[in-house]
Amino acid sequence: MAKDTPRFETLSVQSGHSPDPTTFSRGVPIYRTSSFTFKSAEHAANLFSLKEFGNIYSRLGNPTNEILETRVSQLEGGAASVSVASGTAAIFNTVITIAKAGDEIVSASNLYGGTYTMFDAILSDLGITTRFADVLDPPSFERAITPKTRLLFIESIGNPVLDLADIEAISRIAKKHALPLVVDATFTTPYLMRTIELGADIVINSLTKWLGGHGTAIGGIATDAGNFDWSDPKFELFNRPDPSYHGLRWAIDLSPELRRIAFALRFRTVPLRNLGACLAPDNAWFFLQGIETLHLRMPRHSQNALAVASFLKKHPKVEWVRYPGLEGDPSFGLARRLLPRGAGGMVVFGVRGGKQAGEKFIESLRLFSHLANVGDAKSLAIHPASTTHSQLSEEQVKASGLTPDLVRLSIGIENIEDITADLESALAGV
Ligand SMILES: *Cc1c(COP(=O)(O)O)cnc(C)c1O
(Lines give C-alpha, C1' and ligand atoms only; values in the text may rest on other atoms or scores of the structure.)
Protein backbone atom coordinates (compact mmCIF):
# COMPACT_ATOMS: atom_id res chain seq x y z
CA MET A 1 0.00 0.00 0.00
CA ALA A 2 1.40 3.44 -0.95
CA LYS A 3 2.21 5.54 2.08
CA ASP A 4 -0.37 8.20 1.26
CA THR A 5 -3.15 5.59 0.94
CA PRO A 6 -5.21 5.40 4.12
CA ARG A 7 -4.60 2.19 6.04
CA PHE A 8 -7.10 -0.52 6.93
CA GLU A 9 -8.32 1.02 10.19
CA THR A 10 -8.94 4.40 8.56
CA LEU A 11 -10.70 2.86 5.56
CA SER A 12 -12.93 0.82 7.91
CA VAL A 13 -14.26 4.01 9.44
CA GLN A 14 -14.16 6.54 6.61
CA SER A 15 -14.02 5.11 3.11
CA GLY A 16 -16.88 5.51 0.68
CA HIS A 17 -18.56 8.41 2.48
CA SER A 18 -18.00 12.09 3.17
CA PRO A 19 -20.57 14.37 4.79
CA ASP A 20 -23.74 14.53 2.77
CA PRO A 21 -23.73 17.73 0.63
CA THR A 22 -27.38 18.65 1.20
CA THR A 23 -27.79 17.95 4.92
CA PHE A 24 -24.09 17.81 6.03
CA SER A 25 -24.97 14.58 7.85
CA ARG A 26 -21.74 12.98 9.14
CA GLY A 27 -23.37 9.62 9.67
CA VAL A 28 -24.13 7.55 6.58
CA PRO A 29 -27.74 8.31 5.57
CA ILE A 30 -30.10 5.44 4.89
CA TYR A 31 -31.54 6.13 1.44
CA ARG A 32 -34.85 4.44 2.04
CA THR A 33 -36.27 4.78 -1.43
CA SER A 34 -37.19 2.32 -4.15
CA SER A 35 -36.36 4.63 -7.06
CA PHE A 36 -34.45 7.71 -8.22
CA THR A 37 -35.50 10.46 -10.62
CA PHE A 38 -33.71 10.96 -13.94
CA LYS A 39 -32.36 14.39 -14.90
CA SER A 40 -33.48 13.99 -18.51
CA ALA A 41 -34.42 11.40 -21.11
CA GLU A 42 -30.78 11.25 -22.19
CA HIS A 43 -29.62 10.71 -18.59
CA ALA A 44 -32.10 7.84 -18.26
CA ALA A 45 -30.92 6.28 -21.53
CA ASN A 46 -27.24 6.61 -20.52
CA LEU A 47 -27.86 4.91 -17.17
CA PHE A 48 -29.57 1.97 -18.83
CA SER A 49 -26.84 1.53 -21.45
CA LEU A 50 -23.99 1.74 -18.85
CA LYS A 51 -22.63 4.90 -20.56
CA GLU A 52 -23.00 6.60 -17.22
CA PHE A 53 -23.29 5.17 -13.70
CA GLY A 54 -26.02 6.32 -11.35
CA ASN A 55 -29.06 5.33 -9.36
CA ILE A 56 -32.11 3.89 -11.07
CA TYR A 57 -33.97 1.53 -8.75
CA SER A 58 -32.86 0.07 -5.41
CA ARG A 59 -32.98 -3.52 -6.65
CA LEU A 60 -29.96 -2.66 -8.83
CA GLY A 61 -28.20 -0.34 -6.44
CA ASN A 62 -28.74 2.20 -3.68
CA PRO A 63 -26.44 4.97 -2.37
CA THR A 64 -26.27 3.45 1.15
CA ASN A 65 -25.38 0.08 -0.33
CA GLU A 66 -22.85 1.74 -2.60
CA ILE A 67 -20.98 3.15 0.41
CA LEU A 68 -20.84 -0.37 1.85
CA GLU A 69 -19.66 -1.74 -1.52
CA THR A 70 -16.91 0.88 -1.84
CA ARG A 71 -15.77 0.25 1.71
CA VAL A 72 -15.57 -3.53 1.31
CA SER A 73 -13.78 -3.17 -2.05
CA GLN A 74 -11.18 -0.93 -0.43
CA LEU A 75 -10.73 -3.22 2.57
CA GLU A 76 -10.31 -6.26 0.30
CA GLY A 77 -8.06 -4.37 -2.14
CA GLY A 78 -10.55 -5.17 -4.91
CA ALA A 79 -11.95 -3.15 -7.82
CA ALA A 80 -15.75 -3.43 -7.36
CA SER A 81 -18.22 -5.10 -5.02
CA VAL A 82 -21.90 -5.96 -5.22
CA SER A 83 -23.95 -6.37 -2.05
CA VAL A 84 -26.89 -8.77 -1.91
CA ALA A 85 -29.51 -10.12 0.49
CA SER A 86 -27.33 -12.87 2.03
CA GLY A 87 -23.98 -14.60 1.80
CA THR A 88 -25.83 -17.48 0.16
CA ALA A 89 -27.18 -15.17 -2.55
CA ALA A 90 -23.66 -13.78 -3.10
CA ILE A 91 -22.41 -17.32 -3.78
CA PHE A 92 -25.32 -18.35 -6.01
CA ASN A 93 -25.22 -15.15 -8.06
CA THR A 94 -21.43 -15.46 -8.41
CA VAL A 95 -21.74 -18.97 -9.83
CA ILE A 96 -24.51 -18.11 -12.31
CA THR A 97 -22.73 -14.93 -13.42
CA ILE A 98 -19.94 -17.20 -14.72
CA ALA A 99 -21.42 -20.65 -15.38
CA LYS A 100 -24.52 -21.95 -17.13
CA ALA A 101 -26.20 -25.29 -17.81
CA GLY A 102 -23.67 -27.74 -19.22
CA ASP A 103 -20.76 -26.11 -17.39
CA GLU A 104 -18.91 -27.43 -14.35
CA ILE A 105 -17.34 -25.94 -11.28
CA VAL A 106 -14.67 -27.42 -9.03
CA SER A 107 -15.15 -26.86 -5.32
CA ALA A 108 -13.53 -27.88 -2.08
CA SER A 109 -15.82 -30.30 -0.27
CA ASN A 110 -15.31 -28.80 3.20
CA LEU A 111 -18.03 -26.18 2.86
CA TYR A 112 -20.63 -24.33 4.85
CA GLY A 113 -23.70 -26.64 4.88
CA GLY A 114 -25.94 -24.39 2.78
CA THR A 115 -23.26 -23.95 0.15
CA TYR A 116 -22.68 -27.69 -0.05
CA THR A 117 -26.39 -28.27 -0.65
CA MET A 118 -26.50 -25.50 -3.27
CA PHE A 119 -23.56 -26.99 -5.17
CA ASP A 120 -24.43 -30.65 -4.74
CA ALA A 121 -28.23 -30.69 -5.02
CA ILE A 122 -29.48 -27.41 -6.54
CA LEU A 123 -26.91 -26.39 -9.16
CA SER A 124 -27.05 -29.95 -10.48
CA ASP A 125 -30.79 -29.53 -11.13
CA LEU A 126 -29.95 -26.35 -13.05
CA GLY A 127 -27.45 -28.25 -15.20
CA ILE A 128 -24.26 -27.03 -13.50
CA THR A 129 -22.18 -29.92 -12.20
CA THR A 130 -19.90 -29.56 -9.18
CA ARG A 131 -16.80 -31.72 -8.96
CA PHE A 132 -15.58 -31.81 -5.38
CA ALA A 133 -11.89 -31.69 -4.50
CA ASP A 134 -9.99 -32.17 -1.25
CA VAL A 135 -8.78 -28.90 0.21
CA LEU A 136 -5.91 -30.74 1.94
CA ASP A 137 -4.71 -32.00 -1.45
CA PRO A 138 -4.42 -29.01 -3.87
CA PRO A 139 -3.51 -31.24 -6.87
CA SER A 140 -7.00 -32.81 -6.50
CA PHE A 141 -8.37 -29.49 -7.82
CA GLU A 142 -6.27 -29.83 -10.94
CA ARG A 143 -7.41 -33.42 -11.44
CA ALA A 144 -11.06 -32.31 -11.24
CA ILE A 145 -10.67 -29.64 -13.96
CA THR A 146 -12.17 -30.51 -17.38
CA PRO A 147 -12.74 -28.40 -20.51
CA LYS A 148 -16.16 -27.57 -19.02
CA THR A 149 -14.82 -26.08 -15.76
CA ARG A 150 -15.61 -22.39 -15.29
CA LEU A 151 -14.40 -21.60 -11.76
CA LEU A 152 -12.68 -22.97 -8.66
CA PHE A 153 -14.31 -22.42 -5.26
CA ILE A 154 -12.88 -22.68 -1.76
CA GLU A 155 -13.56 -21.33 1.72
CA SER A 156 -10.59 -19.64 3.42
CA ILE A 157 -11.30 -21.69 6.57
CA GLY A 158 -13.66 -24.59 5.88
CA ASN A 159 -16.16 -26.68 7.75
CA PRO A 160 -16.53 -28.73 9.83
CA VAL A 161 -13.01 -28.95 11.31
CA LEU A 162 -11.59 -25.55 10.32
CA ASP A 163 -9.01 -26.73 7.79
CA LEU A 164 -7.30 -23.77 6.19
CA ALA A 165 -7.07 -23.74 2.38
CA ASP A 166 -3.65 -23.30 0.78
CA ILE A 167 -5.03 -20.47 -1.30
CA GLU A 168 -1.68 -19.73 -2.97
CA ALA A 169 -1.29 -23.31 -4.24
CA ILE A 170 -4.90 -23.48 -5.45
CA SER A 171 -4.55 -20.07 -7.08
CA ARG A 172 -1.54 -21.29 -9.06
CA ILE A 173 -3.69 -24.13 -10.42
CA ALA A 174 -6.49 -21.68 -11.30
CA LYS A 175 -4.04 -19.39 -13.14
CA LYS A 176 -2.46 -22.29 -15.04
CA HIS A 177 -5.92 -23.22 -16.37
CA ALA A 178 -7.12 -19.60 -16.87
CA LEU A 179 -9.96 -20.11 -14.37
CA PRO A 180 -11.14 -17.63 -11.74
CA LEU A 181 -10.60 -18.59 -8.10
CA VAL A 182 -13.61 -17.72 -5.92
CA VAL A 183 -12.88 -17.62 -2.19
CA ASP A 184 -15.54 -17.47 0.51
CA ALA A 185 -13.54 -15.52 3.09
CA THR A 186 -16.34 -15.15 5.64
CA PHE A 187 -14.36 -16.85 8.44
CA THR A 188 -11.26 -14.70 7.90
CA THR A 189 -12.63 -11.28 6.79
CA PRO A 190 -10.41 -8.75 5.00
CA TYR A 191 -8.79 -7.95 8.35
CA LEU A 192 -7.25 -11.39 8.91
CA MET A 193 -6.54 -12.49 5.34
CA ARG A 194 -5.34 -10.55 2.28
CA THR A 195 -7.44 -12.83 0.11
CA ILE A 196 -6.90 -11.03 -3.20
CA GLU A 197 -3.16 -10.60 -2.70
CA LEU A 198 -2.96 -14.35 -2.01
CA GLY A 199 -4.61 -15.11 -5.35
CA ALA A 200 -8.41 -14.80 -5.21
CA ASP A 201 -10.14 -13.34 -8.27
CA ILE A 202 -13.48 -13.02 -6.50
CA VAL A 203 -13.99 -12.79 -2.74
CA ILE A 204 -17.29 -13.59 -1.03
CA ASN A 205 -18.19 -12.39 2.45
CA SER A 206 -21.33 -13.22 4.37
CA LEU A 207 -21.92 -9.80 5.97
CA THR A 208 -24.13 -11.59 8.50
CA LYS A 209 -21.05 -12.82 10.34
CA TRP A 210 -17.95 -10.87 11.51
CA LEU A 211 -18.28 -7.90 9.14
CA GLY A 212 -21.66 -7.06 10.64
CA GLY A 213 -20.39 -8.51 13.88
CA HIS A 214 -23.46 -8.23 16.06
CA GLY A 215 -25.87 -10.87 14.79
CA THR A 216 -28.44 -8.25 13.76
CA ALA A 217 -28.92 -8.61 9.99
CA ILE A 218 -28.45 -10.94 7.02
CA GLY A 219 -26.44 -9.87 3.97
CA GLY A 220 -23.65 -10.83 1.61
CA ILE A 221 -21.18 -9.26 -0.78
CA ALA A 222 -19.03 -10.34 -3.72
CA THR A 223 -15.83 -8.44 -4.52
CA ASP A 224 -14.24 -8.48 -7.97
CA ALA A 225 -10.45 -8.20 -7.74
CA GLY A 226 -10.50 -6.59 -11.18
CA ASN A 227 -7.70 -8.76 -12.58
CA PHE A 228 -9.44 -11.58 -14.40
CA ASP A 229 -9.42 -11.75 -18.19
CA TRP A 230 -12.78 -13.11 -19.36
CA SER A 231 -11.91 -13.04 -23.07
CA ASP A 232 -11.27 -16.81 -23.31
CA PRO A 233 -14.19 -18.04 -25.46
CA LYS A 234 -14.91 -20.82 -22.94
CA PHE A 235 -16.57 -18.08 -20.82
CA GLU A 236 -19.53 -18.02 -23.14
CA LEU A 237 -21.59 -15.75 -20.87
CA PHE A 238 -18.93 -13.04 -21.32
CA ASN A 239 -18.20 -13.55 -25.00
CA ARG A 240 -21.51 -14.16 -26.76
CA PRO A 241 -24.07 -11.36 -27.21
CA ASP A 242 -25.90 -11.46 -23.86
CA PRO A 243 -29.65 -11.83 -24.38
CA SER A 244 -30.07 -10.67 -20.75
CA TYR A 245 -28.41 -7.33 -21.51
CA HIS A 246 -29.09 -5.83 -24.98
CA GLY A 247 -26.77 -8.34 -26.66
CA LEU A 248 -23.70 -6.89 -24.91
CA ARG A 249 -20.52 -9.00 -25.01
CA TRP A 250 -19.02 -8.30 -21.59
CA ALA A 251 -15.45 -9.31 -22.42
CA ILE A 252 -15.42 -7.57 -25.81
CA ASP A 253 -17.71 -4.53 -26.05
CA LEU A 254 -16.88 -2.70 -22.80
CA SER A 255 -14.10 -0.14 -22.45
CA PRO A 256 -10.86 -1.66 -21.07
CA GLU A 257 -11.56 0.01 -17.73
CA LEU A 258 -15.03 -1.57 -17.44
CA ARG A 259 -13.86 -4.90 -18.88
CA ARG A 260 -11.68 -5.25 -15.77
CA ILE A 261 -14.82 -5.38 -13.65
CA ALA A 262 -16.94 -7.32 -16.15
CA PHE A 263 -17.76 -9.87 -13.44
CA ALA A 264 -19.13 -7.25 -11.01
CA LEU A 265 -21.06 -5.52 -13.82
CA ARG A 266 -22.66 -8.71 -15.11
CA PHE A 267 -23.44 -9.82 -11.53
CA ARG A 268 -25.29 -6.56 -10.89
CA THR A 269 -27.05 -6.14 -14.21
CA VAL A 270 -28.00 -9.75 -14.93
CA PRO A 271 -28.70 -11.90 -11.82
CA LEU A 272 -29.17 -9.11 -9.27
CA ARG A 273 -31.35 -7.01 -11.58
CA ASN A 274 -33.46 -9.90 -12.86
CA LEU A 275 -33.51 -12.42 -10.01
CA GLY A 276 -33.80 -9.77 -7.32
CA ALA A 277 -31.83 -10.82 -4.21
CA CYS A 278 -31.11 -7.20 -3.28
CA LEU A 279 -29.92 -5.95 0.12
CA ALA A 280 -32.15 -3.50 2.01
CA PRO A 281 -30.35 -0.16 2.62
CA ASP A 282 -31.25 -0.43 6.33
CA ASN A 283 -29.19 -3.63 6.49
CA ALA A 284 -26.35 -2.05 4.53
CA TRP A 285 -26.28 0.63 7.22
CA PHE A 286 -26.02 -1.98 10.01
CA PHE A 287 -23.07 -3.59 8.21
CA LEU A 288 -21.31 -0.22 7.86
CA GLN A 289 -21.65 0.25 11.61
CA GLY A 290 -20.13 -3.17 12.17
CA ILE A 291 -17.25 -2.68 9.73
CA GLU A 292 -16.13 0.46 11.60
CA THR A 293 -14.95 -1.76 14.48
CA LEU A 294 -13.87 -4.86 12.51
CA HIS A 295 -10.19 -4.05 13.14
CA LEU A 296 -10.85 -3.86 16.89
CA ARG A 297 -13.03 -6.97 17.11
CA MET A 298 -11.03 -9.43 14.98
CA PRO A 299 -7.88 -9.32 17.14
CA ARG A 300 -10.04 -9.87 20.24
CA HIS A 301 -12.03 -12.71 18.62
CA SER A 302 -8.71 -14.31 17.62
CA GLN A 303 -7.03 -13.84 21.01
CA ASN A 304 -10.05 -15.20 22.86
CA ALA A 305 -10.39 -18.16 20.47
CA LEU A 306 -6.71 -19.04 20.86
CA ALA A 307 -7.07 -18.88 24.65
CA VAL A 308 -10.17 -21.11 24.49
CA ALA A 309 -8.40 -23.62 22.21
CA SER A 310 -5.41 -23.76 24.58
CA PHE A 311 -7.74 -24.17 27.58
CA LEU A 312 -9.68 -27.00 25.91
CA LYS A 313 -6.53 -28.77 24.75
CA LYS A 314 -5.47 -29.23 28.35
CA HIS A 315 -8.91 -30.21 29.65
CA PRO A 316 -9.33 -33.86 30.72
CA LYS A 317 -12.94 -34.03 29.40
CA VAL A 318 -11.90 -32.89 25.92
CA GLU A 319 -10.98 -35.54 23.34
CA TRP A 320 -9.57 -33.24 20.62
CA VAL A 321 -9.49 -29.55 19.60
CA ARG A 322 -9.10 -27.84 16.24
CA TYR A 323 -8.10 -24.19 15.89
CA PRO A 324 -5.83 -23.11 13.03
CA GLY A 325 -3.89 -20.77 15.32
CA LEU A 326 -3.13 -23.47 17.91
CA GLU A 327 0.42 -24.82 17.81
CA GLY A 328 0.32 -28.42 16.66
CA ASP A 329 -2.93 -27.99 14.70
CA PRO A 330 -2.71 -29.48 11.18
CA SER A 331 -3.42 -25.98 9.75
CA PHE A 332 -0.96 -24.18 12.05
CA GLY A 333 1.84 -23.84 9.46
CA LEU A 334 -0.52 -22.40 6.86
CA ALA A 335 -2.11 -20.12 9.46
CA ARG A 336 1.28 -18.60 10.26
CA ARG A 337 1.76 -17.81 6.60
CA LEU A 338 -1.76 -16.76 5.58
CA LEU A 339 -3.21 -15.33 8.81
CA PRO A 340 -0.44 -13.31 10.46
CA ARG A 341 -2.91 -11.15 12.39
CA GLY A 342 -4.82 -13.97 14.07
CA ALA A 343 -6.65 -17.15 13.12
CA GLY A 344 -10.25 -16.02 13.67
CA GLY A 345 -12.99 -16.72 16.17
CA MET A 346 -14.01 -20.34 15.46
CA VAL A 347 -12.99 -23.30 17.62
CA VAL A 348 -14.29 -26.87 17.30
CA PHE A 349 -13.68 -29.71 19.72
CA GLY A 350 -14.86 -33.16 20.78
CA VAL A 351 -16.29 -33.80 24.24
CA ARG A 352 -15.39 -37.15 25.79
CA GLY A 353 -18.56 -39.22 25.80
CA GLY A 354 -19.74 -38.53 22.23
CA LYS A 355 -23.12 -37.23 21.16
CA GLN A 356 -24.85 -37.35 24.54
CA ALA A 357 -21.98 -35.59 26.26
CA GLY A 358 -22.04 -32.94 23.50
CA GLU A 359 -25.76 -32.30 24.06
CA LYS A 360 -25.34 -32.14 27.83
CA PHE A 361 -22.42 -29.76 27.48
CA ILE A 362 -24.38 -27.35 25.26
CA GLU A 363 -27.33 -27.36 27.64
CA SER A 364 -25.12 -26.48 30.59
CA LEU A 365 -23.61 -23.36 29.01
CA ARG A 366 -24.79 -20.02 30.43
CA LEU A 367 -22.69 -17.26 28.85
CA PHE A 368 -22.68 -18.95 25.43
CA SER A 369 -25.89 -18.74 23.37
CA HIS A 370 -27.06 -21.98 21.83
CA LEU A 371 -27.91 -21.03 18.26
CA ALA A 372 -27.11 -21.51 14.56
CA ASN A 373 -24.95 -18.52 13.73
CA VAL A 374 -21.30 -17.49 13.92
CA GLY A 375 -19.40 -14.21 14.00
CA ASP A 376 -21.40 -12.40 16.67
CA ALA A 377 -19.73 -10.25 19.35
CA LYS A 378 -21.42 -12.71 21.74
CA SER A 379 -20.07 -16.23 22.21
CA LEU A 380 -22.15 -18.91 20.48
CA ALA A 381 -22.24 -22.69 20.57
CA ILE A 382 -23.94 -25.48 18.66
CA HIS A 383 -23.78 -29.26 18.60
CA PRO A 384 -24.22 -30.05 14.89
CA ALA A 385 -24.92 -33.79 15.32
CA SER A 386 -28.06 -33.11 17.35
CA THR A 387 -29.20 -30.01 15.40
CA THR A 388 -28.11 -28.90 11.91
CA HIS A 389 -27.07 -32.44 10.92
CA SER A 390 -29.57 -34.44 12.99
CA GLN A 391 -31.53 -35.63 9.92
CA LEU A 392 -28.45 -37.37 8.57
CA SER A 393 -27.67 -40.99 9.27
CA GLU A 394 -24.61 -41.81 11.38
CA GLU A 395 -22.93 -42.83 8.12
CA GLN A 396 -23.74 -39.59 6.29
CA VAL A 397 -22.56 -37.63 9.31
CA LYS A 398 -19.26 -39.50 9.18
CA ALA A 399 -18.90 -38.91 5.42
CA SER A 400 -19.29 -35.16 5.95
CA GLY A 401 -16.30 -35.26 8.30
CA LEU A 402 -18.50 -34.39 11.25
CA THR A 403 -18.07 -36.53 14.35
CA PRO A 404 -20.97 -37.05 16.83
CA ASP A 405 -18.93 -35.46 19.63
CA LEU A 406 -18.12 -32.26 17.69
CA VAL A 407 -19.06 -28.98 19.36
CA ARG A 408 -18.71 -25.78 17.37
CA LEU A 409 -17.88 -22.56 19.21
CA SER A 410 -17.91 -19.03 17.82
CA ILE A 411 -15.89 -17.12 20.38
CA GLY A 412 -17.10 -13.62 21.14
CA ILE A 413 -15.37 -10.56 22.51
CA GLU A 414 -16.43 -10.96 26.16
CA ASN A 415 -13.86 -11.20 28.96
CA ILE A 416 -11.82 -14.37 28.41
CA GLU A 417 -12.01 -15.43 32.07
CA ASP A 418 -15.81 -15.34 31.94
CA ILE A 419 -15.73 -17.38 28.72
CA THR A 420 -13.43 -20.10 30.08
CA ALA A 421 -15.31 -20.18 33.41
CA ASP A 422 -18.52 -20.96 31.51
CA LEU A 423 -16.78 -23.70 29.49
CA GLU A 424 -15.25 -25.11 32.69
CA SER A 425 -18.57 -25.35 34.50
CA ALA A 426 -20.36 -26.86 31.48
CA LEU A 427 -17.60 -29.45 31.09
CA ALA A 428 -17.82 -30.26 34.80
CA GLY A 429 -21.45 -31.27 34.24
CA VAL A 430 -20.78 -33.91 31.54
C1 LIG B 1 -23.02 -18.01 7.00
C2 LIG B 1 -22.12 -18.39 5.91
C3 LIG B 1 -22.57 -18.37 4.58
C4 LIG B 1 -23.97 -17.98 4.22
O5 LIG B 1 -24.22 -16.65 4.54
P6 LIG B 1 -25.71 -16.11 4.88
O7 LIG B 1 -25.49 -14.65 5.03
O8 LIG B 1 -26.15 -16.81 6.12
O9 LIG B 1 -26.55 -16.48 3.71
C10 LIG B 1 -21.69 -18.75 3.59
N11 LIG B 1 -20.43 -19.12 3.88
C12 LIG B 1 -19.97 -19.15 5.13
C13 LIG B 1 -18.56 -19.58 5.38
C14 LIG B 1 -20.79 -18.80 6.20
O15 LIG B 1 -20.33 -18.84 7.45
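Residues numbered from 1 in each chain as written. Predicted model: local features only at pLDDT ≥ 70, side-chain atom pairs only at ≥ 80, totals over all residues. Heavy atoms only, no water.

K.L.:
When you look at the overall build of the chain in this model, what are you seeing that I'm missing?
P.N.:
The helix and strand tally for the chain stands at 17 helices and twelve strands. For 430 residues, the compact-globule formula gives about 22 Å, and the C-alpha radius of gyration of the chain, at 22 Å, lands near that figure. Taking the principal axes of its C-alpha atoms as reference, the chain extends roughly 70 × 55 × 40 Å. For the chain, restricting intrachain contacts to residue pairs at least 6 apart in sequence, the fraction spanning at least 24 positions comes to 71%. About 18000 Å² of surface is accessible on the chain, with carbon and sulfur atoms providing 54% of the total. (Helix = DSSP H or I, 4+ residues; strand = E, 2+ residues; numbered from the N terminus. Rg over C-alpha atoms; globule rule 2.2 N^0.38 Å. Contact = heavy atoms within 4.5 Å. Areas by Shrake-Rupley, 256 points an atom, 1.4 Å probe, with all protein chains shown as cover.)

K.L.:
Just to check I follow, could you spell out unusual backbone geometry for this structure?
P.N.:
Negative phi is the rule for most residues except glycine; trans is the rule for most peptide bonds. Note the cis peptide between Asn159 and Pro160, where omega equals -10°. Its place among the elements puts Pro160 in the loop between β4 (149-155) and α7 (167-176). Unlike most non-glycine residues, Ala178 shows phi in positive territory, near 50°. If you trace the backbone, Ala178 turns up in the loop between α7 and β5 (181-184). Its identity as a non-glycine residue notwithstanding, Thr189 has a phi of 60°, on the positive side. We classify Thr189 as buried; its relative accessible area is 0%. (Buried < 20%, exposed > 50% of the residue type's maximum accessible area, 1.4 Å probe, protein only.)

K.L.:
Could you clarify how one ought to interpret the domain arrangement of the chain in this entry?
P.N.:
Where interface size is quoted, it is often the accessible area lost as the parts come together. For the chain, the assigned domains are domain 1 (8-290) and domain 2 (295-428). On a C-alpha basis, the centres of domain 1 and domain 2 stand 29 Å from each other. The interface is formed by 31 residues belonging to domain 1 together with 34 residues belonging to domain 2. The junction of domain 1 with domain 2 conceals about 2700 Å² of combined surface from both sides, 63% of it contributed by carbon and sulfur atoms. Our enumeration of links across domain 1 and domain 2 arrives at four salt bridges. (Domains from an automatic or database assignment. Buried area = accessible area lost by both parts, 1.4 Å probe. Salt bridge = Lys/Arg side-chain N within 4 Å of Asp/Glu carboxyl O.)

K.L.:
I'm lost on the site of the ligand in this one. Help?
P.N.:
Near the ligand, the surroundings consist of 13 residues, among which Thr88, Asp184, Ser206, Thr208 and Lys209 are the closest. Measuring from an oxygen atom of the ligand, one finds a side-chain N or O atom of Thr88 at 2.7 Å. Here an oxygen atom of the ligand and a side-chain polar atom of Ser206 are 2.8 Å apart. When the ligand sits alone it has 380 Å² of accessible area, and the protein chains cover 94% of it. Ranked by residue count, the leading element in the shell around the ligand is helix α4 (residues 87-98), at three residues. Of the residues contributing to the shell around the ligand, the split by class is four nonpolar, seven polar and two charged. (Near = heavy atom within 4 Å. Polar contact = N/O pair within 3.5 Å; in protein donor to acceptor, adjacent residues only side chain to side chain. Nonpolar A, V, L, I, M, F, W, Y, C, P; charged D, E, K, R; others polar.)

K.L.:
For this particular structure, what's the right way to read the sheet that holds strand β8 (residues 318-322)?
P.N.:
Across a sheet, paired strands are connected by hydrogen bonds in the backbone, their directions being either parallel or antiparallel. Sheet architecture is open: five strands sit in the order β8-β9-β12-β11-β10, paired in mixed fashion. Looking along the sheet, the strands with just one partner apiece sit at the ends: β8 and β10 (369-370). Across three bridges, the pairing between strand β11 (residues 380-382) and strand β12 (residues 406-410) is antiparallel. Directly across from Ala381, in β12, lies its bridge partner Leu409. In the packing of helix α15 (residues 354-364) onto the sheet, contacts are made with β9 (346-351), β10, β11 and β12, and the angle to β9 comes to roughly 125°. (Pairing = 2+ DSSP bridges. Axes fitted to C-alpha atoms, helices over the stretch in contact; angles between N-to-C directions.)

K.L.:
Got a minute to help me understand helix α12 (residues 281-292) in this structure?
P.N.:
It helps to recall that an α-helix has 3.6 residues per turn; residues three or four apart then point in one direction. With twelve residues, α12 should reach 16 Å at 1.5 Å per residue; the first-to-last C-alpha distance of 17 Å fits that figure. Of all the residues in α12, the buried ones are Pro281, Asp282, Ala284, Phe287, Leu288, Gly290 and Ile291. Contact partners of the buried residues in α12: α1 (8-14), α3 (63-76) and α13 (294-313). (Expected span 1.5 Å × (residues − 1).)

K.L.:
Would you explain the pattern of salt bridges in this entry?
P.N.:
Close approach of charged atoms allows side chains with opposite charge to pair. The full count for this structure, using the stated rule, is 18 salt bridges. Here Asp163 and Arg322 are joined by a salt bridge, their closest N and O atoms 2.7 Å apart. Of this pair, Asp163 sits in the loop between β4 and α7 while Arg322 sits in strand β8; the two residues are 159 residues apart in sequence, bridging distant segments of the chain. Comparing Asp163 with Arg322, the two get one shared label, buried. Lys378 is the partner of Asp376 in a salt bridge, and the nearest nitrogen-oxygen pair spans 3.2 Å. By relative accessible area, Asp376 is classed as buried at 5%. Linked through salt bridges whose partners overlap, the residues forming this network are Asp163, Arg322 and Asp329.

K.L.:
Please explain the confidence of the model for the chain as it appears in this structure.
P.N.:
Mean pLDDT over the chain: 95, with 98% of residues reaching 70 or higher. For the chain, the element scoring lowest by mean pLDDT is helix α16 (residues 394-399), at 69; strand β7 (residues 220-224) scores highest, at 99. (pLDDT = per-residue confidence, 0-100.)

K.L.:
How do you make sense of the environment of Thr37 when you look at a structure like this?
P.N.:
Mapped onto the elements, Thr37 comes out in the loop between α1 and α2 (41-48). According to the relative accessible area criterion, Thr37 is exposed, its value standing at 75%. As a C-alpha pair, Thr37 and Gln289 span 252 residues in sequence and 28 Å in three-dimensional space.

K.L.:
Would you explain the packing of aromatic side chains in this entry?
P.N.:
Given two aromatic rings, their pairing is described by the distance between the two centres and the angle made by the two planes. Within this structure, the stated rule accounts for 14 aromatic pairs. Where Phe187 meets Trp210, the ring centres are 5.5 Å apart and the plane angle is 75°; that geometry is what we call edge-to-face. Separated by 23 residues along the polypeptide, Phe187 in the loop between β5 and α8 (189-192) and Trp210 in the loop between β6 (202-206) and β7 bring together distant segments of the chain. Each member of the pair, Phe187 together with Trp210, is buried. (Phe/Tyr/Trp six-rings, centres within 6.5 Å; stacked < 30°, edge-to-face > 60°.)

K.L.:
When you look at the side chain of Asn304 in this model, what are you seeing that I'm missing?
P.N.:
Summarising the element assignment, Asn304 is placed in helix α13. Classification of Asn304 as buried rests on a relative accessible area of 4%. A polar atom in the side chain of Asn304 sits 3.0 Å from the backbone oxygen of Glu414. Excluding residues that lie within four positions of it along the chain, Asn304 makes contacts with Ile411, Gly412, Ile413, Glu414, Ile416 and Ile419.

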